[in-house]
Amino acid sequence: MRYRQLTTGTLALGVLLLIDVLRVWLPGIITIFGQAASTPAELMGAFALGWFVLAMGAPAVVRRVGARPVTVVAAVALAVARLTLTAAPGGRTQLWLATAGLLAGLVWLVGVAADTDRPVPGLALGFAVNAALHAVLDTVDLVWRGDWMAWLLSAVAVAVFLVGTAQPGRPGAALAGPAGGPDGPADAAAGPGGGRAWLLAGPALLLAGMVALSPALARTGMSYLAGDGVARSPLFGLAPVPVAVAGFLGAALTRPPRGWGRAYGPVALLAGAVLFALDRGDLLLPAVVLAAVGLGACLALTDETSDGSDGSDAANASDPGSDAANASDPGSDAANASASRRGYAVAAGMLVFALGAVGYYSAYDLGYPNAAVPVVVAVLVAAVAFTARPVVHRLPGPFAPLRATAVVTALALLAPALADEVPVASNRDGPPERLTVVAYNIRMGFGLDGRFDLSGLADVVDRQQPDVVLLSEVDRAWLLNGGHDTLDLLADRLGMPYVFGPAADPVWGDAVLSRWPVRDPRTLPLAAVGAPTGAQALAVTLDLGDGVRTAVVSTHLQPPPGRGPVVQARAVADFATRYAAGRPLVVAGDLNTEPGDEAFAEFSNAGLVDALAAARPLATSPADDPRQQIDHIFVSPGLTPSDPVAPRSTASDHLPVAVTLTLPPR
């Protein structure tokens, strides 16, 4: 039992480290390998897939060299890459470190699979603990934190992982050495099963990161509870995370029902995937809970190890001529074949992860429907799980299911207490004479160096002492960008509650943060006109006290290929002026148009004034060498702009624009 606890715990720790690396590597494809949407999506997809295809050769290496040397070397490389990433300066160095860590992690998984016929407890613990820690850390992983506590915890995790990996296998066990011979390095013998569970490791990782165990998605779902199509700063936004973690881990570690009762997991997983695919904010919470329980139950269906009383392979092991008996002989062809099958299964499963991630997120660049991707992956998981042979008498796992679930759930319960902050806006004494407005395209929170830079974003905004902040390219849960809730994190740092308008999907869009209470939020979806990423206009009313109201509209225009965003600009200008109904009006954001362009003129034609005119030319993109004037603030004639500025910063690929507005006399 002690050996099984050690191997299961080491597998869980390795999964944690691999996910940490993925949370750096995935956004690096967009922010470092790809530059400012100038790199073709097809090239970025090929770069991403290439490493997973390369890992398909790892089972052959394991078969020739032996599982243990490959596993140990890959584990060391994964650990070094993970620890080094905390100190990485960003840029190409960070990208290649993360790539090395990813490849090492994939090879490590193949090596572990060769020796492990019961991976479900370790995989499930790794996924669940990662989700709990991600929530407790407020969706900002240790790898992005440079303080001493992050270094200490990272070093401890890496050290324990390496110590666990270095421990010898079970006494007397061995796996075939080079060319299948009997003289290879000593390793833990494994039975003939486990292939289905290893195949599901990659698809399960994708569904867990996108839906089932995503703290950012759970909090985003909580922010949509008002039911009016926009999201607001929620109370106890991370409260669903312990529920999802408990449902997932409890289902994964307990024996599934017999007969048709086994279908509950696949059905729940498919239901959660379908709800997620509908792209509705009010359906995100049930999608998370159903997908979590269903995914855990599907993993449990592939946990094949039994005591043999049901006629399974373990029972047949007493027959010297059976496949199971041969598989337990570490030098036999059957043992080698079983190890190879598991290795190829986990490599293929991780390739499914890559194909699913690339297929889903590339749609926002290439413009094809992507709703079917999570559903197709869920169908694959459900089919593999439901068609697994039922095990009547399963051997107990390395950890008591109830105790393990309770411990990890208790960790997740810390998140609502430690990580949930809710900034509150309140009226000051009387309406202000001036408002300072900042508009900023924050590029999902990633700076020009490719590092997640919330401090840089918050600092450059806070220096302007804003009353209202309008944000573009706000990501709240995309696995591609690391699974962060960038909006909530930035709102906490600025001490300003938010309203969020979905554009591409319920977790990607634009936002308004305000020190003054916000009323009557409305969002207008904009016609795509050939641009793949969705666009919208979010309108809110600032309550400045004593009956004084100011309308604010945040938007991010998406130009169609080779043309300006004229159609969208006209729609936003019309929507904004109708919404304001004669009140003072501010329209701002990344408008992807320059002064003199036809789209720019649409706002002037609607009677709005360029609030940045006194500082022209005021280039805002790219941030390190600004040449384009594409971020703007327009106001109604009653508002008097002063002190327009685009403060320098590399916390995004755009510069923010700021202006102080004097309100009309009452």
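Basis of the calculations
Residues numbered from 1 in each chain as written. Predicted model: local features only at pLDDT ≥ 70, side-chain atom pairs only at ≥ 80, totals over all residues. Heavy atoms only, no water. Helix = DSSP H or I, 4+ residues; strand = E, 2+ residues; numbered from the N terminus. Rg over C-alpha atoms; globule rule 2.2 N^0.38 Å. Buried < 20%, exposed > 50% of the residue type's maximum accessible area, 1.4 Å probe, protein only. Contact = heavy atoms within 4.5 Å. Areas by Shrake-Rupley, 256 points an atom, 1.4 Å probe, with all protein chains shown as cover. Pairing = 2+ DSSP bridges. Phe/Tyr/Trp six-rings, centres within 6.5 Å; stacked < 30°, edge-to-face > 60°. pLDDT = per-residue confidence, 0-100. Polar contact = N/O pair within 3.5 Å; in protein donor to acceptor, adjacent residues only side chain to side chain. Axes fitted to C-alpha atoms, helices over the stretch in contact; angles between N-to-C directions. 1 Å grid on protein atoms, 1.4 Å probe; cavity = no way out; pocket = protein on both sides within 12 Å on 5 of 7 lines; lining within 4 Å. Points joined across faces, edges and corners; volume = space filled by probe spheres on them. Nonpolar A, V, L, I, M, F, W, Y, C, P; charged D, E, K, R; others polar. Core = buried A, V, L, I, M, F, W, Y, C linked by side-chain atoms within 4.5 Å. Expected span 1.5 Å × (residues − 1).

Q: Report on the overall build of the protein chain, specifying residues and quantitative values.
A: A count of helical and extended segments in the protein chain gives 23 helices and 13 strands. Radius of gyration (C-alpha) of the protein chain: 27 Å, near the 26 Å computed for a compact globule of 666 residues. By principal-axis analysis of the C-alpha atoms, the protein chain measures approximately 95 × 45 × 45 Å. Counting only residues that meet the buried cut, the protein chain has 60% of its 666 residues in that class. Counting only contacts in the protein chain whose residues sit at least 6 apart along the sequence, the fraction spanning at least 24 positions is 77%. Per element, the accessible surface of the protein chain, about 23800 Å² overall, is 61% carbon and sulfur.

Q: Which residues make up the sheet that holds strand S2 (residues 434-441), and what values do they have?
A: What the seven strands build is an open sheet, ordered S1-S4-S5-S3-S2-S13-S12; its pairing is mixed. What marks the edges here is a single partner per strand, and that holds for strand S1 (231-232) and strand S12 (640-645). Of the pairings in the sheet, the one linking S1 to strand S4 (residues 498-505) comprises two bridges and is antiparallel in character. From the neighbouring strand, arginine 232 faces S4, where its bridge partner is valine 499.

Q: Kindly report on the packing of aromatic side chains, identifying the contributing residues and their values.
A: Following the criterion strictly, the structure yields 22 aromatic pairs and no others. Note on tryptophan 25 and phenylalanine 47: the rings are 6.4 Å apart at their centroids and 25 degrees apart in plane angle, and the pair reads as stacked. Here the residue tryptophan 25 occupies a position in helix H1 (residues 2-33), and phenylalanine 47 occupies one in helix H2 (residues 41-54), the gap between them amounting to 22 residues. Judged by relative accessible area, which is 1%, tryptophan 25 ranks as buried. The interplanar angle of 70 degrees and the centroid separation of 5.5 Å between the aromatic rings of tryptophan 108 and phenylalanine 161 together place this pair among those described as edge-to-face. With tryptophan 108 in helix H5 (residues 91-115) and phenylalanine 161 in helix H7 (residues 148-166), this residue pair connects regions lying 53 residues apart in the sequence.

Q: Could you give me a rundown of the confidence of the model for the protein chain, with the residues and numbers involved?
A: Per-residue pLDDT for the protein chain averages 90, and the proportion of residues at 70 or more is 91%. Low confidence marks residues 170-188, where pLDDT is under 50. Its contacts with residues over four positions away, or in another chain, come to 48 contacts. Here residues 306-325 scores under 50 on pLDDT; set against residues more than four positions off or in separate chains, the count is 33 contacts.

Q: Summarise the environment of aspartate 449; cite the residues concerned and give the values.
A: Inspection of the secondary structure puts aspartate 449 in the loop between S2 and helix H20 (454-462). Each C-alpha atom, one on aspartate 449 and one on valine 70, is 33 Å from the other, the two residues being 379 residues apart in sequence. When neighbours within four sequence positions are excluded, aspartate 449 is seen to be in contact with Ile32, Pro89, Gly90 and Gly91. A polar contact of 3.0 Å, which involves the side chain of aspartate 449, links it to the backbone nitrogen of arginine 451.

Q: Would you mind going over the sheet that holds strand S7 (residues 535-543) in detail, with residue names and values included?
A: Overall, mixed pairing links the six strands, which are arranged S6-S7-S8-S9-S11-S10 in an open sheet. At either margin of the open sheet sits one strand with a lone partner, and together these are strand S6 (518-526) and strand S10 (609-610). With seven bridges joining them, S6 and S7 adopt antiparallel strand pairing. Looking across to S7, one finds that leucine 524 is bridged to alanine 537. Set on the sheet, helix H22 (residues 566-580) makes contact with S6, S7, strand S8 (549-556) and strand S9 (585-590); between it and S6 the angle comes to about 155 degrees.

Q: Mind laying out empty space enclosed by the protein, listing which residues take part and the relevant values?
A: Taken as a whole and assessed by the stated rule, the structure comprises nine cavities of 30 Å³ or more. Its boundaries defined by the atoms lining it, the largest cavity holds a volume of some 150 Å³. As for the largest cavity, its lining consists of 13 residues, of which Ile19, Arg23, Asn130, Leu205 and Gly209 are closest to the centre. Of all the elements in the fold, those that place two or more residues in the lining of the largest cavity are H1, helix H6 (120-136) and helix H9 (201-212). Class assignment for the residues of the lining of the largest cavity results in ten nonpolar, two polar and one charged.

Q: Kindly report on the environment of leucine 283, identifying the contributing residues and their values.
A: Mapped onto the fold, leucine 283 is located in the loop between helix H12 (264-277) and helix H13 (284-301). On the basis of relative accessible area, leucine 283 is assigned to the buried category, the value being 16%. Among all residues touching leucine 283, those that are not within four sequence positions of it are Leu275 and Leu278.

Q: For the nonpolar core, give the residues involved together with the corresponding values.
A: Judged by nonpolar contacts, the single largest core of 155 residues is most densely connected at Trp25, Trp198, Leu213, Phe248, Leu471 and Leu513. Among the elements that make up this core, the one with the highest residue count is H1 (16 residues). When neighbours within four sequence positions are excluded, leucine 471 is seen to be in contact with Tyr440, Ile442, Leu487, Leu490, Asp510, Ala511, Leu513 and Ser554. Of all hydrophobic cores here, the second largest spans 30 residues; its members include Val437, Val586, Ile633 and Val657.

Q: Any chance you could break down H9 for me, citing the residues and the numbers?
A: Between its first and last C-alpha atoms H9 spans 14 Å; for twelve residues at 1.5 Å apiece the expected length is 16 Å, and the helix comes up short by more than 12%. By the criterion of burial, H9 is predominantly enclosed, with twelve of the twelve residues buried. Those residues of H9 lying buried are Ala201, Gly202, Pro203, Ala204, Leu205, Leu206, Leu207, Ala208, Gly209, Met210, Val211 and Ala212.

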